[in-house]
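A look at the structure
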2 protein chains.
Amino acid sequence: MKEDLLQSSDSLRSASPLKHVQHATFQEPLALERGGRLDRVQVAYETHGQLNQAADNAVLICHALSGDSHVAGHDETDDPGWWEILVGPDKYLDTNRYFVICPNLLGGCRGTTGPNSPDPATGRPYGPDFPEITIADIVEAQRRLLDHLGIQRLLGVIGGSMGGMQVLHWATAHPDRVRAAIPIAAAPRLTSQGLAFDVIGRNAITHDPNFRGGHYYDVQAGLTHGVFTPAFPVGGLAIARMIGHISYLSRQAMRNKFSHDRNRPRQVRSQFEKDTSVASYLAYQGDKFVERFDANSYILISRAMDGFDLGEGRQLAANLAPARCRWLVISFTNDWLFPPDQSRQIVDALLAGGKGVSYCNVRSGCGHDAFLLEEDLEAYGRLIGDFLNQTHAGGLTEEEPEEDAGGRIEHPDTSIFHGRRLDYDLLERVLREQGAGTESSVLDLGCGGGQMLLRLKRQGWRRLQGLEIDQAAVLSCVRRGIDAIHTDLNDGLPQFADKQFDFVLLSRTLQAVVDVQGVVEDMLRVGRRCVVSFPNFGFEPLRRMLSHQGRAPEAGVLKHKWYNTPNIRFFTIADFQDFCREKGAVVHEMVALNTETHREVTKDANRNADLAIFVISRP
Amino acid sequence: MKEDLLQSSDSLRSASPLKHVQHATFQEPLALERGGRLDRVQVAYETHGQLNQAADNAVLICHALSGDSHVAGHDETDDPGWWEILVGPDKYLDTNRYFVICPNLLGGCRGTTGPNSPDPATGRPYGPDFPEITIADIVEAQRRLLDHLGIQRLLGVIGGSMGGMQVLHWATAHPDRVRAAIPIAAAPRLTSQGLAFDVIGRNAITHDPNFRGGHYYDVQAGLTHGVFTPAFPVGGLAIARMIGHISYLSRQAMRNKFSHDRNRPRQVRSQFEKDTSVASYLAYQGDKFVERFDANSYILISRAMDGFDLGEGRQLAANLAPARCRWLVISFTNDWLFPPDQSRQIVDALLAGGKGVSYCNVRSGCGHDAFLLEEDLEAYGRLIGDFLNQTHAGGLTEEEPEEDAGGRIEHPDTSIFHGRRLDYDLLERVLREQGAGTESSVLDLGCGGGQMLLRLKRQGWRRLQGLEIDQAAVLSCVRRGIDAIHTDLNDGLPQFADKQFDFVLLSRTLQAVVDVQGVVEDMLRVGRRCVVSFPNFGFEPLRRMLSHQGRAPEAGVLKHKWYNTPNIRFFTIADFQDFCREKGAVVHEMVALNTETHREVTKDANRNADLAIFVISRP
């Protein structure tokens, strides 16, 4: 245990006075969602960068349970902020370009009106009499701040964890005021497990005898009946924080931090157990937290988080329906407090509502805290930066020439349409022949880096959505302003409604899919017309290689060795025709290609083509 | 929330006096591992069934952190025990056959000497002065009980969670006294995350002002300075228990229990938060626990658990080396407190030490508590029962005729050797030709239900180990007394030493493996001789089907449709010969078969055989 203690999300949050905080006070009372009201609400906030003339470069950052307005340092003499790695000049969230606003949330204890603020009616702290608040109330205080700052429309609203819940509310409650919503490691509601963590944390606080039902602000620390009594429930609040810390880290991250020196704790001064490395870490985090946080605030805000509930499935889709912004949803693979499947619920509900969404489930070892840590910054930071840039530029960045689309990601093995003008032309021809136009909606299954969709987009198509399994390819899509969902096709397409898309593309992917029947059934259900391309195993050189040489075939687009090919399904044009017949799919068109001669094949395609494109549908 | 509250592991533990408890008191002081000693140790225990004449049917059950001696009810008037579903007449752990002993562990608070017992030196409870104990001390008290009962050798020692740690110590500290060791949901040491849970639980107890440094036994509940004071730290102990309960359930299990009625809590009388279903559950579990458990015991025993550490890798293998028993290791897929990879560490260390092991990672939705719940009983209960029966019978049950080996599991798609006398004969011939005998060690990769290994075993072979991916097949192996490890071959064979086995078999599995090169490299490393069989894609009817009909080949053993075959690698005998050459493997022998004519093929095998058996090695 050395500097490990500093690697937590907490380490960057300053306990010292915040020098650059500004305050806005609202005269009009705030009527709260659950009843009650707050008079003369004050919001503490910090800003970075400059609002431009058009006032279209403002980005709102919503902090999580225990954060504050100090998202980043303002100069070299300032303390670093809690998202210092992301926010600043020339950083992913570039304050040279954007005007960044980060308020302390309502109910907090870092400058915005909260339980430790004086109640204007009495002049004494609200304490436990502070009225119950919700995420909607927190957002309402932020909305007033934006009015105060003269910002009608946000370029983006961004937040992780509970901050992501605020983003969800912003996008749906104020659809006219948000262009891009970026919920990170968020959820439509806490898991039952997450609720349980919060419940136990609050139980620890409220059962601390120094909590005194929340009336502890007037208490002086000292001796009571000969026993030392702290002025507030430090023990319970520290334990609540320790419980939180378990949930912020993945099991693997805890192993990496604490397993190698399990029995060599860091020397910390603490009344808590500290004889193992993990115990000393928890003691340190618990003790440090009570120096800067208020127990009543913790209870109030965690209850606001617990109460947030957009439901599941159809209910969630209905709740998200009012939103009209672009969406970038980010989760982290081993976050177990806000697990990726909850971000997927958000994504799926948006897709079900016909909205364009980008989603990346960032491969991470960190756990929930990942969005605050440097380890995965190159993925989530780039996503945020590129998405904001794309949104600010109006959707298309023209700088990148199409021909630059080179490299491994740009020509994935599972893509025929990408990288070759011939294939692009052919696909466009097929789409035209099938009556497609720029108003048609297209779903590209296995869209790679978004090359084909980008081509359509540049020609004015607007309703485009990709699905892609490779993280780097998803990042490429986002950089290009192509909406892509990071997903495995073998998981099916339950998020889409019947015939939701005019066209569904599946380009050279079917041969690499485990559940062929499931994927084809799904695309037939979701698309009015489906365009499927695949390598033809009936290609003459392949036949000859097996038949004459007695060797596993390799030729044309099937160019891998039998023992390391990504392809696992080998079938011919004739097989696929039989398959369509069996499954009740109508074949509208079939185009066959010889990729070696770059020619379309019109005679005996099952023998002469190494690639085929089918247009199929189910009536 | 209705009877959900009763579905926890805790629900079956009785808080009422235990009617059938017996006690043994040892005059000789117990010298403790970490120093200190205990005089006149008393062990509370219960027994079920009868010790037989040979005294070879005794099974010791080691309970977990908060268990006790009441593993099962003794008659209809008795309370059910904590493992009632497993232990009893005609149950999986059949008390008609076995003499079951379950002691309360040392340091406990349910009859065995612990912190709430009177210190013989003072006549007053030990309290916090009870000396530190370890798993070794707990086992030593159990060993004395066995001496007292006149049991020299246990048929089996079984325990889940912390009970599994006791099993690990039993098997290694007393190798002569254990025939079968069954650690369930266990670990060589707690994860850092698991440690963290324990640390926070203890912090909650020790920071409860009513803990009084552990000196609370003489305190009367009542008013102190006008404030109600409980007689012991009920708040802290309840919170520790709540934290435990989170870790016992999987996220999915919590979702199933609490998500549907999130805001409809059960009516419980409690001082804890109870306005959500999960809060009411935690409040109930916390309050109930303090009625039957002692806070000093909780601290003492959880510290014994935290201190247990057999290390990892080589150190773990060295620590397990003294064991001479049979092993059955069981984990549960979504146990995150004692995650399956920790059981795998135990298994791998045993395998590295050349020991026979059976291992099943039971597919479960429950989490750590799974081993106490009915949901997966059919898997883990059967494993325990069959393994004990096999051990008691001396390894072979002769009742089951070999020909009975029918059904889906018995003839898996990935097995050539199983189910056909021809294949058995051929394999045995190949083994004989390669100089094998009953003293040769054999590793069967993808052993199915253990048919081939059973055949060898019946002929007197003793050093047999299978690996198998299918859970039902692993259960079949255990029923037959064949050691099988539940694993995915794609994960490699890092647990085995170079040339650890005389023969490694890979029967008709290679064509279904993703990482062909990895699997072949691994088997060449681990086996002196490797016997590989696979379907030959060069078989004439397959060639013709592609070449003449233009269809994906189906014939011989490759009888599936292209879109749903379990096979993903298609290669010929000639391909495999090339592959061996490339990889520097020597081919010692090749036998080719036509399974349609049931004949060995000697001419132009690449065209005339649909199956091939290769014997290869790397010098």
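Residues numbered from 1 in each chain as written. Chains lettered and ligands numbered in written order. Predicted model: local features only at pLDDT ≥ 70, side-chain atom pairs only at ≥ 80, totals over all residues.

1. A closer look at the overall build of chain A
Put simply, the test is: In DSSP terms, a helix is any run of H or I states spanning at least four residues, a strand is any run of E spanning at least two, and both are numbered starting from the N terminus. When we talk radius of gyration, it's over C-alpha atoms, and the globule rule is simply 2.2 Å times the number of residues to the 0.38. Remark: C-beta atoms are placed from the backbone, and a residue is labelled buried if 20 or more other C-beta atoms sit within 10 Å of its own, exposed if 12 or fewer do, or partly exposed between those counts. This entry defines residue contacts through backbone-placed C-beta atoms, with two residues in contact when those atoms are within 7 Å.
Within chain A one finds 17 helices and 22 strands. Here chain A has a C-alpha radius of gyration of 28 Å; the compact-globule value for 619 residues is 25 Å, and the two agree. Within chain A, buried positions represent 57% of all 619 residues. Within chain A, contacts between residues at least 6 apart in sequence are counted, and of these 70% link residues at least 24 apart.

2. Observations regarding the interface of chain A and chain B
This is how it is decided: Residue polarity follows a fixed list, in which Ala, Val, Leu, Ile, Met, Phe, Trp, Tyr, Cys and Pro are nonpolar, Asp, Glu, Lys and Arg are charged, and the others, Gly among them, are polar.
At the junction of the two partners, chain A supplies 54 residues and chain B supplies 54 residues. Only helix 3 (192–206), helix 4 (234–248), helix 5 (251–258), helix 6 (277–292), helix 14 (516–526), helix 15 (540–549), helix 16 (573–582) and helix 17 (605–608) of chain A provide two or more residues apiece to the side of chain A that touches chain B. The element contributing the most residues to the side of chain A that touches chain B is helix 3 of chain A, with 10 residues. Class assignment for the residues of the side of chain A that touches chain B results in 29 nonpolar, 16 polar and nine charged.

3. Examining the domain arrangement of chain A
It is common to give the size of an interface as the accessible area lost on bringing the parts into contact. Rules: Where each domain begins and ends follows an automated or database-derived domain assignment.
One can read the domain layout of chain A as domain 1 (16–191 + 309–392), domain 2 (195–301) and domain 3 (402–617). Placing the centre of domain 2 of chain A and that of domain 3 of chain A at their C-alpha centroids yields a distance of 55 Å.

4. Regarding the relation of the copies chain A and chain B
This is how it is decided: Least squares is used to superpose the copies, and the fit set is the C-alpha atoms of residues whose pLDDT is at least 70 in both copies.
Once turned by 180° and shifted 0.0 Å along the axis, chain A lies on chain B with an RMSD of 0.1 Å. The transformation just described matches what one would write down for a two-fold rotation axis. Closest approach to the rotation axis among the C-alpha atoms of chain A is made by I568 of chain A, whose C-alpha sits 2.3 Å away. Of all interface residues in chain A, 100% are interface residues in chain B too; the two copies therefore contact each other through one and the same surface.

5. Thoughts on helix 4 (residues 234–248) of chain B
Our working rule: Expected span, for any helix, means 1.5 Å times one less than how many residues it has.
In this model, helix 4 of chain B (15 residues) spans 21 Å end to end at C-alpha, consistent with the 21 Å of a helix rising 1.5 Å per residue. The element helix 4 of chain B is extensively covered by neighbouring structure, given that 15 of its 15 residues are classed as buried.

6. Section: the pairing of strand 16 (residues 463–468) of chain B
Residues and elements named next belong to chain B. Filter applied, for reference: Strand pairing is defined by DSSP finding a minimum of two bridges between the two strands. Handedness rule for crossovers: strands pointing away from the viewer, path from the first strand over the helix to the second running clockwise, crossover right-handed.
With five of six residues buried, strand 16 is to be regarded as a mostly interior element. Across five bridges, the pairing between strand 15 (residues 441–445) and strand 16 is parallel. By the bridge assignment, V442 is partnered in strand 16 with L464. Taken together, strand 15, helix 12 (residues 451–458) and strand 16 form a β-α-β motif whose crossover is right-handed. Examined bridge by bridge, strand 16 and strand 17 (residues 484–486) share three bridges and lie parallel to one another. Paired with G466 across the two strands is A484, which belongs to strand 17.

7. Regarding the environment of L445 of chain A
Residues and elements named next belong to chain A. By the secondary structure assignment, L445 is in strand 15 (residues 441–445). Overall, the presence of 26 C-beta atoms within 10 Å leaves L445 in the buried class. Put simply, L445 and L475 are 30 residues apart on the chain and 16 Å apart in space, counted from C-alpha to C-alpha. Setting aside residues no more than four positions away along its own chain, L445 makes contact with L467, L489, V504, L505, L506, T509 and M523.

8. Re helix 16 of chain A
Since there are 3.6 residues in each turn of an α-helix, residues three or four apart along the chain are aligned in direction. All names here are of chain A. Inclusion rule: Think of the arc as the fan of directions from the helix axis to the C-beta atoms.
Every buried residue belonging to helix 16 is among I573, D575, F576 and C580, and all of these are buried. One face of helix 16 carries all of its buried residues, which in axial projection span an arc of 155°. Projecting away from the buried face of helix 16 at angles above 90 degrees are the exposed residues R581 and E582. The secondary structure elements touched by the buried residues of helix 16 are strand 19 (527–535), strand 20 (586–594), helix 17 and strand 22 (611–617). Once helix 16 ends, the next one or two residues include G584, with phi positive near 70°.

9. What about the packing of helix 6 of chain A against helix 3 (residues 192–206) of chain B?
Inclusion rule: For every element, the axis is a line fit to its C-alpha atoms; helices are fit only across the contacting stretch, and the angle between N-to-C directions ranges from 0 to 180 degrees. Put simply, angles under 35 degrees are roughly parallel, angles over 145 are roughly antiparallel, angles from 65 to 115 are roughly perpendicular, and the rest are oblique. Crossing handedness is read from the near helix: turned anticlockwise from the far helix by less than a right angle, it gives a left-handed crossing, and turned clockwise, a right-handed one.
At a minimum axis distance of 9 Å, the contact between helix 6 of chain A and helix 3 of chain B shows a crossing angle of 55°. In this view, helix 6 of chain A runs oblique relative to helix 3 of chain B, as classed from their interaxial angle. Judged by the sense of rotation from one axis to the other, the crossing of helix 6 of chain A with helix 3 of chain B is right-handed. Where helix 6 of chain A abuts helix 3 of chain B, its residues V278, A279 and L282 of chain A lie against S192, L195, A196, V199 and I200 of chain B.

10. Notes on the nonpolar core
Nonpolar side chains in soluble globular proteins tend to be buried together. The condition that has to hold: Nonpolar cores are identified as sets of buried Ala, Val, Leu, Ile, Met, Phe, Trp, Tyr and Cys residues joined via C-beta atoms within 7 Å.
By size, the foremost hydrophobic cluster in this structure holds 395 residues, and its most contacted members are V59 and A181 of chain A together with V59 and A181 of chain B. Residues within four places of A181 of chain B in sequence aside, it is in contact with V157, V167, W170, A171, A323, C325 and W327 of chain B.

11. Examining the pairing of strand 22 of chain A
Residues and elements named next belong to chain A. Counting buried residues in strand 22 gives five out of seven residues, a clear majority hidden from the surface. Bridge count for strand 19 against strand 22 is six bridges, and the pairing is antiparallel. Residue pairing in the sheet places V531 in a bridge with V615 of strand 22. Bridging between strand 20 and strand 22 involves seven bridges; their strand directions are antiparallel. Within strand 22, the position partnered with M590 by the bridge is F614.

12. Examining the packing of helix 8 (residues 313–320) of chain A against helix 9 (residues 340–352) of chain A
All names here are of chain A. At a minimum axis distance of 8 Å, the contact between helix 8 and helix 9 shows a crossing angle of 70°. In terms of axis orientation, helix 8 runs roughly perpendicular to helix 9. In the packing of helix 8 onto helix 9, the handedness of the crossing is right-handed. Within the contact between the two elements, helix 8 uses L316, A317 and L320 and helix 9 uses Q345, A349, L350 and A352. Residues belonging to the contact of helix 8 with helix 9 are distributed by class as follows: six nonpolar, one polar and no charged.

13. Section: unusual backbone geometry
Backbone geometry follows two general trends: most residues other than glycine have a negative phi, and most peptide bonds adopt the trans configuration. In this structure, D90 of chain A takes a positive phi of about 65° despite not being glycine. Positionally, D90 of chain A belongs in the loop between strand 6 (87–88) and strand 7 (93–94). Owing to 8 C-beta atoms within 10 Å, D90 of chain A belongs among the exposed residues under this scheme. Positive phi values are uncommon outside glycine, yet R508 of chain B reaches one of about 50°. Mapped onto the secondary structure, R508 of chain B falls in the loop between strand 18 (501–507) and helix 14 (516–526). What makes R508 of chain B buried here is the crowd of 24 C-beta atoms within 10 Å.

14. What to know about the environment of G244 of chain A
Residue placement: G244 of chain A occurs in helix 4. Once residues within four sequence positions are removed from consideration, G244 of chain A is found in contact with F197 and G201 of chain A.

15. Looking at the environment of V157 of chain B
Residues and elements named next belong to chain B. Here V157 lies in strand 9 (residues 154–160). As for V157 and V531, which are separated by 374 residues in sequence, their C-alpha atoms are 37 Å apart. Setting aside its immediate chain neighbours within four residues, V157 contacts L60, C62, V167, W170, V178 and A181.

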